[in-house]
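Next come the chains, spelled out residue by residue.
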Amino acid sequence: MDAEQSLSGGNGAPILVTGGAGFIGSNFVLEWLAGGKGPLVSLDKLTYAGNPENLTTVEKDRDYTFVHGDICDAALVKELFERHRPRAVVHFAAESHVDRSILGPEAFLRTNIDGTFTLLQAARVYLDSLGAEDRAGFRFLHVSTDEVYGTLEPEDPAFHEETPYAPNSPYAASKAASDHLVRAWVHTYGLPAIITNCSNNYGPYQFPEKLIPLMIANARKGKPLPVYGDGQQVRDWLYVADHCRALMAVLERGRVGETYNVGGGNQRSNLEVVTTLCSLLDELLPQSEFGPHKQLIKYVADRPGHDRRYAIDARKLEGELGWRAQESFETGLRKTVEWYLAHAAWVENVTSGAYQHWVTQNYGGRETADTTAGSAR
Ligand code: NAD
Ligand code: DAU
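Predicted model, so just to flag it, every value in this text is computed and none were measured.

## As for the packing of helix 8 (residues 211-221) against helix 10 (residues 270-284)
In step 1: Where helix 8 meets helix 10, the axes come as close as 10 Å, and the angle between the chain directions of the two elements is 40°. Considering their axes alone, helix 8 and helix 10 lie oblique with respect to each other. When the axes of helix 8 and helix 10 are compared, the crossing they make is right-handed. Between helix 8 and helix 10, the contacting residues are Leu 211, Ile 212, Met 215, Ile 216 and Ala 219 on the first element and Asn 270, Val 273, Val 274, Leu 277 and Leu 281 on the second.
In step 2: For the contact of helix 8 with helix 10, the class distribution of residues is 9 nonpolar, 1 polar and no charged.

## Overview of the site of ligand 2
In step 1: Taken together, 25 residues are adjacent to ligand 2, and Thr 145, Asp 146, Tyr 171, Arg 303 and His 306 come closest.
In step 2: Separating an oxygen atom of ligand 2 from a side-chain N or O atom of Tyr 171 is a distance of 2.6 Å.
In step 3: Contact between ligand 2 and Tyr 228: an oxygen atom at 2.9 Å from a main-chain N or O atom of the residue.
In step 4: When ligand 2 sits alone it has 690 Å² of accessible area, and the protein chains cover 95% of it.
In step 5: Those elements that place two or more of their residues in the shell around ligand 2 are helix 8 and strand 8 (225-228).
In step 6: Residues belonging to the shell around ligand 2 are distributed by class as follows: 10 nonpolar, 8 polar and 7 charged.

## Structural notes on the site of ligand 1
In step 1: Surveying the vicinity of ligand 1 reveals 28 residues, the closest of which are Ile 24, Asp 44, Ser 96, Tyr 171 and Lys 175.
In step 2: In the model, a nitrogen atom of ligand 1 is placed 3.0 Å from a nitrogen or oxygen of the Thr 111 side chain.
In step 3: Contact between ligand 1 and Asn 201: an oxygen atom at 2.9 Å from a main-chain N or O atom of the residue.
In step 4: Contact with the protein chains removes 97% of the 840 Å² of surface that ligand 1 exposes when unbound.
In step 5: Those elements giving two or more residues to the shell around ligand 1 turn out to be helix 2 (23-34), strand 5 (139-145) and helix 7 (170-189).

## Notes on the pairing of strand 11 (residues 259-262)
Sheet faces and side chains relate simply in a regular strand, where the side chains alternate between the two faces.
In step 1: Across the two faces of strand 11 the burial is the same, with Thr 259 and Asn 261 and Tyr 260 and Val 262 all buried.
In step 2: Here strand 6 (residues 193-198) pairs with strand 11 via 4 bridges, running parallel. For Thr 196, the partnering residue across the bridge sits in strand 11 and is Tyr 260.

## A closer look at the packing of helix 3 (residues 74-84) against helix 5 (residues 106-128)
In step 1: It is the contact of helix 3 with helix 5, at a shortest axis distance of 9 Å, that shows an interaxial angle of 35°. For the pair helix 3 and helix 5, the crossing hand works out as right-handed. Counting all contacts with helix 3, which are made through Ala 74, Val 77, Lys 78 and Phe 81, the residues of helix 5 involved are Thr 118, Leu 119, Ala 122, Ala 123 and Tyr 126.
In step 2: Here the residues of the contact of helix 3 with helix 5 sort into 7 nonpolar, 1 polar and 1 charged.

## Focus: the UniProt feature "domain: NAD(P)-binding" (unreviewed entry) in the chain
In step 1: With numbering matched to this structure, UniProt assigns "domain: NAD(P)-binding" (unreviewed entry) to residues 16-336.
In step 2: Taken end to end, residues 16-336 comprises 41% helix and 16% strand; its first and last C-alpha atoms sit 28 Å apart.

## So, the pattern of salt bridges
In step 1: Summed over all chains, the structure comprises 21 salt bridges.
In step 2: Two residues, Arg 245 and Asp 242, come together in a salt bridge whose shortest N-O distance is 3.1 Å. In this pair, Arg 245 and Asp 242 both sit in helix 9 (residues 240-253), 3 residues apart, roughly one turn of the helix.
In step 3: For Glu 258, the salt bridge goes to Lys 316, with nearest N and O atoms at 2.6 Å. Linking Glu 258 in the loop between helix 9 and strand 11 with Lys 316 in helix 11 (residues 315-321), this pair joins segments that are 58 residues apart in sequence.
In step 4: Each of Arg 255, Glu 258, Lys 316 and Glu 320 takes part in salt bridges that share partners, so that together they form one network.

## Focus on the nonpolar core
In step 1: If you look at the biggest cluster of nonpolar residues, it comprises 69 residues, and the most contacted ones within it are Phe 28 and Val 90.
In step 2: Broken down by element, this core gets its largest block of residues, 8 residues, from helix 9.
In step 3: Residue contacts for Val 90: discarding those within four places in its chain leaves Ile 15, Leu 16, Val 17, Thr 18, Phe 28, Leu 141, Val 143 and Leu 251.
In step 4: Val 41, Leu 120, Ala 123 and Phe 140 belong to the second-largest nonpolar core, a separate cluster that totals 26 residues.

Rules behind the numbers
Residues numbered from 1 in each chain as written. Chains lettered and ligands numbered in written order. Predicted model: local features only at pLDDT ≥ 70, side-chain atom pairs only at ≥ 80, totals over all residues. Heavy atoms only, no water. Axes fitted to C-alpha atoms, helices over the stretch in contact; angles between N-to-C directions. Helix = DSSP H or I, 4+ residues; strand = E, 2+ residues; numbered from the N terminus. Parallel < 35°, antiparallel > 145°, perpendicular 65-115°, else oblique. Left-handed = near helix turned anticlockwise from the far one by under 90°. Contact = heavy atoms within 4.5 Å. Nonpolar A, V, L, I, M, F, W, Y, C, P; charged D, E, K, R; others polar. Near = heavy atom within 4 Å. Polar contact = N/O pair within 3.5 Å; in protein donor to acceptor, adjacent residues only side chain to side chain. Areas by Shrake-Rupley, 256 points an atom, 1.4 Å probe, with all protein chains shown as cover. Buried < 20%, exposed > 50% of the residue type's maximum accessible area, 1.4 Å probe, protein only. Pairing = 2+ DSSP bridges. UniProt positions renumbered as here; feature names shortened; annotations may be inferred. Salt bridge = Lys/Arg side-chain N within 4 Å of Asp/Glu carboxyl O. Core = buried A, V, L, I, M, F, W, Y, C linked by side-chain atoms within 4.5 Å.

What follows is the structure, encoded as structure tokens:
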């Protein structure tokens, strides 16, 4: 059996997904199960960012198993490998929000570094228990970020796989550290791992602390739309389903020990993103008392150490694995706004109150989607 057969469900073994109740993880789990790609075990701690409500449609799917737990729990992780004998790990679990990493870096170091270390160690021991065929087919896919590369000047070429690491935020540093651990486990122990570094995702189930869902949620309620600094920072946006499709291609056909950059070629300044969202909301909510929504834009204090520009060169992924983004920024953003407008209750349910206090202090009265709701858990 070759690696591709092994990873397309041939031996009936599940894949183990970490962080499957978060934004990208949920989208991946739903897409995986809808595609009949085989059994999937999801390990998630259900932090403020993890929401089982995202997965109610698959709760009863025979191919779906949910485990509530922490990737830092070595005994649990070991037991999961032994019990489920996965053919691959797709590692999403992380603390993911840059502003939160500035407020409190500890959880980022713990989950993103110690958690990845715990998984790598367990995978290594497990791998030793496998026969040659299963060992050859096993994959550890580490889902990472373009933020490990630092920041670009306007004239710089996009990040490519050889761009030196230069992480600037506590979040980025913790992800860079985890990438280095994965690399070392490949090099030293022969762990068949692959790393992906992706640009900014957007789409359904993203927690309304990140730019796009926060702006939609605030605009809907007539609250200020807080733009950090001059709003000219650039991000390279990718619709989440396109990221999930890229991960599946890498899992099935990616080369062990390689890194693949993932991005949609959609560089936009934050101000452009926010004004485009405002226009979409004007169109989709013609009766809104808060339109034109652009009037809600409010410039607030800049993020400390704010990276100016990210851009991804995805030619390796496109050339080797034939992946292409299917959504343009315009089609993806419209779908996203429509999804959030149709899921207002989801936004209400997930908003955390504790974090609000810190953002109010640090961003001069910035308001999150709901300043009164407590954490969902
Ligand atoms: P998210 O914050 O929405 O979800 C993270 C998930 O991990 C949650 O379900 C949470 O409960 C879970 N989790 C956190 N700590 C855990 C722990 N100790 N044990 C088990 N589960 C834990 O994150 P996301 O935006 O979906 O990002 C997923 C991954 O993709 C992360 O590794 C992130 O670095 C990476 N990434 C994200 C983006 C983006 O734009 N969101 C872009 C590139 C890469
Ligand atoms: O590049 C990939 C990364 O993208 C992922 O690794 C991270 O997990 C993900 O959170 C995201 O990081 P960013 O910091 O780029 O995303 P965020 O949505 O927080 O911010 C996007 C841009 O918008 C950034 O330049 C900061 C700005 N911003 C953000 C918020 C929340 C604002 O101007 N106002 C805001 O209220």
